[in-house]
Amino acid sequence: MTDMLTRYARLLAASADAHVALQGGKVSRTDDMWLADFGGAAGFANGATLLREPQDVGRLAAEALDFADLHEGPGLFYFWGGWPLPEPVGPWRSDGRPPLMIREPADPPRLPHHVEEVTGDPAEFEATLARSYPLDRAGWQPGRLFGGDIHATGWRLFLGRLDGLPVATSAAYTHDGLTEVNYVSVAPEARGRGFAAAVTFAASCADPAASAMLLASDLGLPVYEKMGFRALTHFHMWAYDR
C-alpha cells in the first residue's frame, strides 16, 4: 500500500509540474512534498501533496503555509496525502477524507453519450467545468487552469455533449503506469443521465495499459464503484482559506 500511495503522490506531482508552470504559477519540491500554486483560485490544484509518510507534520505544514503566503490571489490552499494527519492547528482546518480509488486496465463499455477529446482551444472545456465543479468561483478567472498550450503538458481533456451542448468534462494524465482521472464534472441539467460514467471511462482509458486512479467525491463514489473502481484507502485533507 505504501508503494502505491507514493506512486500516486508522484503521479499527482508529475501531472501538475508542467501544467502549473505553463500557466505562470509556482512549484517547489522537497523529498517530503510537492507544492504548487497557480497564482489564483484553482480548485484543488493549489496545495502541498505529501510524497511520503510525514515524520514532522507540524514542520511540513508550516513550510506549506509559508509557500502559500508567498503568492497573492484568493482561493483555498490544501495540505494532503494518503497518510493519516492529526487534527490541524489554525489557520488550517480539516477538509475531508476522500476515498482513493483504482481501476485496473479494461476496455470501456459502449455508452449512449457523445464524448469527444478536446484537441484544440480548451476554453469551452474550462467554461463547462467552471459551472459544475468547485473552482472557487469567487476568484477563478477564465484561462487560469487550461490555457491554449495545455495539450503540450501531457494532459488529455474530454467533453461530453447533450443535444450538441457541452455538459460534462473529465481529464487524464498518465505517468509510470498510472492514469490520474481528474476534473470530472456534470452540469446540473445533465445529471442522472450517465454522463459521469461516460466521461470518467473516457479519461480512465486514455492509456489502455495504465491503471486509472482518482479521488472520489460523495456524489461520485457510487458511480465509480459501479464502474469497477475499488477503494484503496482515504486521502487526508487540510485546507487554508487565503
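Computed from a predicted structure; not experimentally measured.

> Would you explain empty space enclosed by the protein in this entry?
Over the atoms rolls a probe the size of a water molecule, and its path tells where empty space is left. Counted under the stated rule, the structure contains one cavity of 30 Å³ or more. Taken as a whole, the largest cavity encloses approximately 50 Å³ of empty space. Along the walls of the largest cavity sit Arg 103, Glu 104, Pro 105, Ala 106, Ser 204, Cys 205, Asp 207, Pro 208, Ala 210, Ser 211 and Ala 212, which together make up its complete lining. Of the residues assigned to the lining of the largest cavity, the class counts are six nonpolar, two polar and three charged.

> Help me understand the sheet that holds strand β12 (residues 230-234) in this model?
Pairing between the strands of a sheet is mediated by backbone hydrogen bonds and can be parallel or antiparallel. Pairing is mixed in the open sheet, where seven strands are placed in the order β7-β8-β9-β10-β11-β6-β12. Taken across any chain shown, the strands that pair with only one partner, and hence form the sheet edges, are β7 (114-118) and β12. Taken pair by pair, the neighbouring strands of this sheet meet at an average axis angle of 30°, ignoring direction. Pairing between strand β10 (residues 178-186) and strand β11 (residues 211-215): three bridges, direction parallel.

> For this particular structure, what's the right way to read unusual backbone geometry?
Of all residues except glycine, most have a negative phi; of all peptide bonds, most are trans. In this structure, the amide linkage connecting Gly 90 to the following residue, Pro 91, adopts the cis form with an omega of 10°. Here Pro 91 lies in the loop between β4 (76-81) and β5 (93-94). Of note, the phi angle at Asp 163 is positive, near 55°, even though the residue is not glycine. Mapped onto the elements of the fold, Asp 163 is located in the loop between β8 (156-162) and β9 (165-175).

> Teacher, can you tell me more about the nonpolar core here?
Within soluble globular proteins, side chains that are nonpolar generally end up buried alongside one another. Judged by nonpolar contacts, the single largest core of 57 residues is most densely connected at Phe 79, Trp 92 and Tyr 183. For this core, the element with the most residues is helix α1 (residues 2-22), which contributes nine residues. For Tyr 183, the contacting residues outside a window of four places in its chain are His 19, Ala 45, Leu 129, Tyr 133, Leu 145, Phe 146, Trp 155, Thr 169, Ser 170 and Ala 171. Residues Met 101, Ala 172, Val 184 and Leu 214 belong to the second largest nonpolar core, which totals 23 residues.

> Would you mind going over the layout of surface pockets with me for this structure?
Empty space within the largest pocket amounts to approximately 1000 Å³. For the lining of the largest pocket, the secondary-structure elements that each account for two or more residues are α1, β3 (47-50), β10, α4 (195-204), β11 and α5 (221-226). The element that contributes the greatest number of residues to the lining of the largest pocket is β10, accounting for seven residues. Split into classes, the residues belonging to the lining of the largest pocket amount to 28 nonpolar, 12 polar and four charged. Of the pockets and cavities examined, the second largest pocket occupies roughly 200 Å³. Taken together, Pro 108, Pro 109, Leu 111, His 113, Val 115, Phe 158, Ala 198, Phe 201, Ala 202 and Cys 205 make up the lining of the second largest pocket. With three residues, the top contributor of residues to the lining of the second largest pocket is α4. When grouped by side-chain class, the residues that make up the lining of the second largest pocket number nine nonpolar, one polar and no charged.

Rules and cut-offs
- Residues numbered from 1 in each chain as written.
- Predicted model: local features only at pLDDT ≥ 70, side-chain atom pairs only at ≥ 80, totals over all residues.
- Heavy atoms only, no water.
- 1 Å grid on protein atoms, 1.4 Å probe; cavity = no way out; pocket = protein on both sides within 12 Å on 5 of 7 lines; lining within 4 Å.
- Points joined across faces, edges and corners; volume = space filled by probe spheres on them.
- Nonpolar A, V, L, I, M, F, W, Y, C, P; charged D, E, K, R; others polar.
- Pairing = 2+ DSSP bridges.
- Helix = DSSP H or I, 4+ residues; strand = E, 2+ residues; numbered from the N terminus.
- Axes fitted to C-alpha atoms, helices over the stretch in contact; angles between N-to-C directions.
- Core = buried A, V, L, I, M, F, W, Y, C linked by side-chain atoms within 4.5 Å.
- Buried < 20%, exposed > 50% of the residue type's maximum accessible area, 1.4 Å probe, protein only.
- Contact = heavy atoms within 4.5 Å.

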